[in-house]
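Report on the structure
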Amino acid sequence: MDSGGHGGANISQHEGVDATTQKTADLTAFVQNLLQQMQTRFQTMSESIITKIDEMGSRIDDLERSIGELVKETGHVDVMPASPSNSSLRGGSGMESM
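Residues numbered from 1 in each chain as written. Predicted model: local features only at pLDDT ≥ 70, side-chain atom pairs only at ≥ 80, totals over all residues. Heavy atoms only, no water.

1. Describing the overall build of the protein
What the protein contains, in helices and strands, is two helices and zero strands. Looking at the protein as a whole, 1% of its 98 residues qualify as buried. Accessible area of the protein: about 9,200 Å², with a carbon and sulfur share of 60%. (Helix = DSSP H or I, 4+ residues; strand = E, 2+ residues; numbered from the N terminus. Buried < 20%, exposed > 50% of the residue type's maximum accessible area, 1.4 Å probe, protein only. Areas by Shrake-Rupley, 256 points an atom, 1.4 Å probe, with all protein chains shown as cover.)

2. So, the confidence of the model for the protein
Overall, the predicted model of the protein reaches an average pLDDT of 78, with 63% of residues at or above 70. Low pLDDT, under 50, characterises residues 86-98; the predicted model gives this stretch two contacts beyond four residues in sequence or across chains. (pLDDT = per-residue confidence, 0-100. Contact = heavy atoms within 4.5 Å.)

3. Concerning the pattern of salt bridges
Applying the stated criterion across every chain, the model contains one salt bridge. Between Arg65 and Asp62 there is a salt bridge, with its nearest N and O atoms 2.4 Å apart. A residue pair is termed a helical-turn pair when its members lie 3 or 4 positions apart in one helix, as Arg65 and Asp62 do in helix H1 (residues 2-74) at three residues. Given the relative accessible area of 49%, Arg65 is considered partly exposed. (Salt bridge = Lys/Arg side-chain N within 4 Å of Asp/Glu carboxyl O.)

4. Observations regarding the environment of Thr51
Turning to its location among the elements, Thr51 is positioned in helix H1. Residue classification places Thr51 among the partly exposed positions, given a relative accessible area of 41%. A distance of 2.9 Å separates the side chain of Thr51 from the backbone oxygen of Glu47, its partner in a polar contact. (Polar contact = N/O pair within 3.5 Å; in protein donor to acceptor, adjacent residues only side chain to side chain.)

Here it is as structure tokens:
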């Protein structure tokens, strides 16, 4: 009869293990779902940022083209020199001969 009492304890322990296993499985599924949602949102945001950067690059290219056309229309050859002229490097204003 003594073994009958232990049998009930074994069933109770088994139910506890099953409940713990189920809680662990539920938590694992929840975390995996949460990580998947975060990955999806991150991917969406990344694509959005890349699209906006590409659009900005196109707008900058258009702006540079427009500025170039305006410069040609006004007849200026070199409005913004790539490097300082020699006279400005020497401190001259180009008006020394006057």
